[in-house]
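The chain contents come next:
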Amino acid sequence: EKLGLGRPALPEEIAAWNLDVSPNGDGLPVGSGSVEDGEMIFSENCAVCHGEFAEGVGNWPKLAGGDGTLADKDPLKTVGSYWPYLSTVYDYVRRSMPFGNAQTMTDDDVYAITAYILYSNYIVEDDFVLSNENFLDVEMPNAGGFVVDDRGESEYGIFTEANACYHDCKDTVEITKRATVLDVTPEEEGTDQAAAEPAAATETEVAAVAETPAEAPAAVEDAPAEVVTAMAFDADLAAEGEKVFKKCKACHQVGDGAKNRTGPVLNGVFGAPVAHVGDFKYSSDMMGAHDAGTVWDEAHLAEFLAKPKGVYKKTKMTFAGLKKDDEIAAVIEYLKSVSQ
Amino acid sequence: GPDPLITEKQDWAMSTGAGVDETPYGLPIKYEGDVIRRNVPWLTADPISSINFTPIHALDGTITPQGCAFERHHSGAIELKKEDYRLMINGLVDQPLVFTYEDLERFPRVNHTYFLECAANTGMEWAGAQLNGSQFTHGMIHNMEYSGVTLRTLLEEAGLDAAGELKDKWVYVEGADASSNGRSIPMEKALDDCIVAFKANGEALRMEHGYPVRLVVPGWEGNMWVKWLRRIEVTAQAVQSREETSKYTDTLADGTSRKWTWVMDAKSVVTSPSPQMPITHGKGPLVITGLAWSGRGAITGVDVSKDGGKTWEKARLAKPGEKMALTRFYLDTEWNGEEMLLQSRAHDETGYVQPTKAQLREVRGENSVYHNNCIQTWHVNTNGEAENVEVSS
């Protein structure tokens, strides 16, 4: 019955991918990390989204706090208040964090970050060192807070055919809540003309007001004009750069309608003064360069993209840098192309 | 008077249209350009780790075209070539194996149509009526015909003797993207009906749905349908990954939380009329239509109420319900121009009947996010416009 397809997985291959860590400690690598080291590593790599004290930034996940809120209407679910297993933190951080730069941490760094998240939740003291040896000793506050799916017992006996009413099911019916009161539904363009350029239709999807469809085509027609570029750039190289730029997109937006996210909008960055976006909160290093009149020219961008923290020590950009010169050149070319 | 569209010669009846070489791979005609996925920016911190919604209000039948089937990524949709694709099976198996994409195509294949519903579908409606449109309230769902190899076939190729007693074993699955989105699935389900799929609706999976290979876990929450599937590990315990502990668990009123709530219970929604699909034709014949589905088997019937649940009548199923697949229902009726409070209610083959929101809240409270399968109400006013509302019970 076996078809003899595939080939044996080599031990090195299994070791490279088999990274999951289980609640009983299976899969934990040998190593350790302190709260003290974790605070620094967290500040450099995680705080941009999760806050210096793991309290969260904007809509990004809060990792600390929320103790005692689970029975509230709007519970705050964090590692401290909710997560039942510490192994989950190690497992997830090691494989999937930092966002946009996953699997760049050493095993010891992950221990340190995990220790710091515990500390930020008051689960350990500031002199704590987490290791594979004491990992299972840490008690998670909500470890006992879960029950296995019990819908079979608690619900399925109620929601049945026998209880399904067809006539005179209630005396009166009143509207008790309305979605239009909240008014949080995105508006959509409703015109067929808007679809003539599918890409543009998607980009301007929420821009046009449904009640005034006549205005929607105008908005779409306006868009291409803004893409016209005056700066000379190599289109092929810029196209290569656009692919490399995916690494940057977790934090930076470009193009029409771009907004500041974790990082500033990069429209017009090429040739602009350092810290060119007025309403973005840059590091003090970058503001210093801005005040000194430093400009993002080819050389300066190349230097920065190769090793951001080598140029601006306090930069909030957690990205480690692009390793290949041709990738750096391509990204700069792409930034030129969006710099109008 | 006479209709000029008929009495006057039209350009399209005189000149020629597009040639066969114009669109080697076709998109919908431009007049259908509003039938698109939409997202709700305030829901998430970043569109790279976010969700959008299938335009179910504008579709008919049951098959969701891939190009408008909702997307949910935890670290963005990745471009992974077939040539670069590897699938590893390891853990408690007789022989850990690595497959290429070509290897997978040499196993016996199956075809099945299943719905995929995100556990968070309708999750924004727990505390009240919030989003105005079936696309937004119920659009975290799609329904496709999958072609692929059963997970059982692949596990047996690696050999399960090493796993011993299978009843208490698990299969841990993860993707090749940065999130990896690992989930643990009980061995019983893995051997029952899961598919390692590479085609949907006849063609290759789209990038956003896991090209070249994704897992299909019929009837269970979408998060378990791991995309860009790269590894299957047979384990003695659940890994308790982020996605099965901190997320996709259901907190009840007393603060305790249900875990391992994998099955998607029976649910339905009227897709038209609805907030995005007002009645524009006035009084007279009206087709009320919608979708019903159950993760526990086939849909056996759908009831429709026009008066907010005082009275119910049976809708017509377009076809007999299929297990864990969308079922289309119709109520061919007359609209007298009066207000309606439209609802639908699904029945599945286990005898389960879709509950009201009040019934669900009574058991679970209002802290939950996931697994909201309550009856939806649309208020249709005398102009034929519809709004998402809640009604008294």
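Remember, predicted model here, so these are calculated numbers, not experimental data. (Residues numbered from 1 in each chain as written. Chains lettered and ligands numbered in written order. Predicted model: local features only at pLDDT ≥ 70, side-chain atom pairs only at ≥ 80, totals over all residues. Heavy atoms only, no water.)

## What to know about the pattern of salt bridges
Applying the stated rule across the entire model yields 37 salt bridges over all chains. The salt bridge involving Arg231 of chain B is made with Asp20 of chain A; its shortest N-O contact spans 2.5 Å. Residue Arg231 of chain B is located in strand E12 (residues 229-235), and its partner Asp20 of chain A is located in the loop between helix H1 (11-17) and strand E2 (32-34); the two belong to separate chains. Across this residue pair, the class does not change: Arg231 of chain B and Asp20 of chain A are buried. Arg151 of chain A is the salt-bridge partner of Asp149 of chain A, the closest N and O atoms lying 2.9 Å from each other. Using a relative accessible area of 23% as the deciding quantity, one classes Asp149 of chain A as partly exposed. (Salt bridge = Lys/Arg side-chain N within 4 Å of Asp/Glu carboxyl O. Helix = DSSP H or I, 4+ residues; strand = E, 2+ residues; numbered from the N terminus. Buried < 20%, exposed > 50% of the residue type's maximum accessible area, 1.4 Å probe, protein only.)

## Some thoughts on the interface of chain B and chain A
Opposite the 110 residues of chain B that make contact, chain A presents 86 residues. With both chains or domains summed, chain B and chain A bury close to 8400 Å², and 53% of this area falls on carbon and sulfur atoms. Where chain B packs against chain A, one counts 8 salt bridges. Scanning the region where chain B abuts chain A turns up 58 residue pairs in polar contact (both at pLDDT 80 or more). Ranked by residue count, the leading element in the side of chain B that touches chain A is strand E23 (residues 386-391) of chain B, at 5 residues. Broken down by class, the residue content of the side of chain B that touches chain A amounts to 40 nonpolar, 38 polar and 32 charged. (Contact = heavy atoms within 4.5 Å. Buried area = accessible area lost by both parts, 1.4 Å probe. Polar contact = N/O pair within 3.5 Å; in protein donor to acceptor, adjacent residues only side chain to side chain. Nonpolar A, V, L, I, M, F, W, Y, C, P; charged D, E, K, R; others polar.)

## Looking at the confidence of the model for chain B
In the predicted model, chain B carries a mean pLDDT of 97, and 100% of its residues have values of at least 70. Interface confidence for the predicted complex, given as ipTM, is 0.94, next to a pTM of 0.83. (pLDDT = per-residue confidence, 0-100.)

## Some details on the packing of aromatic side chains
For the structure shown, the criterion picks out 24 aromatic pairs over all chains. Ring geometry for Tyr156 of chain A and Tyr352 of chain B: centres 5.5 Å apart, planes at 85°, overall edge-to-face. Highlighted residues: Tyr156 of chain A in the loop between helix H6 (151-154) and strand E5 (175-178) and Tyr352 of chain B in the loop between strand E21 (340-348) and helix H7 (357-364), drawn from two different chains. Put simply, the rings of Trp170, Trp220, Trp260 and Trp262 of chain B touch in pairs and so form one group of aromatic residues. Stacked on the ring of Trp260 of chain B, the Lys or Arg Lys259 of chain B has its end atom at 4.2 Å from the ring centre. Looking at Arg345 of chain B, its charged tip hangs above the ring of Tyr166 of chain A, at a distance of 4.9 Å from the centre. (Phe/Tyr/Trp six-rings, centres within 6.5 Å; stacked < 30°, edge-to-face > 60°. Lys NZ or Arg CZ within 6 Å of the ring centre and 35° of its normal.)

## Some thoughts on the pairing of strand E6 (residues 141-150) of chain B
Residue and element names in this part refer to chain B. Of all 10 residues in E6, 8 are buried; the element is thus mostly enclosed. Judged from the 8 bridges that link them, strand E5 (residues 110-117) and E6 form a sheet pairing that is antiparallel. Bridging from a neighbouring strand, Phe115 pairs with Asn143 of E6. Where E6 meets strand E9 (residues 195-200), 5 bridges bridge the pair, whose relative direction is antiparallel. Counted as the bridge partner of Gly148 is Ala197 from E9. (Pairing = 2+ DSSP bridges.)

## Focus on the packing of helix H12 (residues 298-306) of chain A against helix H14 (residues 325-337) of chain A
All names here are of chain A. Viewed as axis vectors pointing N to C, H12 and H14 meet at an angle of 125°, and their least axial separation amounts to 10 Å. When the axes of H12 and H14 are compared, the pair comes out oblique. Crossing angle aside, the handedness with which H12 passes H14 is right-handed. The segment H12 lies against H14, with Glu298, Leu301, Ala302, Leu305 and Ala306 engaging Ile328, Val331, Ile332, Leu335 and Lys336. Along the lines of polarity and charge, the residues of the contact of H12 with H14 split into 8 nonpolar, no polar and 2 charged. (Axes fitted to C-alpha atoms, helices over the stretch in contact; angles between N-to-C directions. Parallel < 35°, antiparallel > 145°, perpendicular 65-115°, else oblique. Left-handed = near helix turned anticlockwise from the far one by under 90°.)

## Here's the deal with the sheet that holds strand E16 (residues 284-293) of chain B
Residue and element names in this part refer to chain B. Ordered by their spatial adjacency, 4 strands build an open sheet running E15-E16-E20-E19, and the pairing between neighbours is antiparallel. Strand pairing shows two members of the sheet lacking a second neighbour, strand E15 (267-272) and strand E19 (316-317), which therefore form its edges. Across 5 bridges, the pairing between E15 and E16 is antiparallel. Directly across from Lys267, in E16, lies its bridge partner Trp293.

## Looking at H7 of chain B
All names here are of chain B. Taken as a whole, H7 has its buried residues at Lys357, Leu360, Arg361 and Arg364. Angular distribution of buried residues about the axis of H7 spans 100°; they occupy a single face of the element. Of the residues one or two after H7, Gly365 is the one with positive phi, at around 80°. (Arc of directions from axis to C-beta.)

## Thoughts on the sheet that holds E21 of chain B
Judged by pairing direction, the sheet is antiparallel, and its 6 strands sit side by side in the order E5(A)-E23(B)-E22(B)-E21(B)-E17(B)-E18(B) without closing on themselves. The strands lining the two open edges of the sheet, one partner per strand, are E5 of chain A together with strand E18 (313-314) of chain B. As judged from the 4 bridges shared by strand E22 (residues 377-380) of chain B and E23 of chain B, these two strands associate in the antiparallel manner. From the neighbouring strand, His379 of chain B faces E23 of chain B, where its bridge partner is Glu387 of chain B.

## Considering the state of the cysteines
Under the definition given, this model contains 1 disulfide over all chains. For Cys165 of chain A, the disulfide goes to Cys169 of chain A, at an S-S distance of 2.1 Å. When the S-S torsion is -100°, as for the bridge of Cys165 of chain A with Cys169 of chain A, the disulfide is left-handed. Taking relative accessible area as the criterion, Cys165 of chain A reaches 27% and is therefore assigned partly exposed. The partly exposed category is assigned to Cys169 of chain A, whose relative accessible area is 28%. Free cysteine Cys194 of chain B: the closest other cysteine sulfur is in Cys118 of chain B, separated by 18 Å. (Disulfide = S-S within 2.5 Å.)

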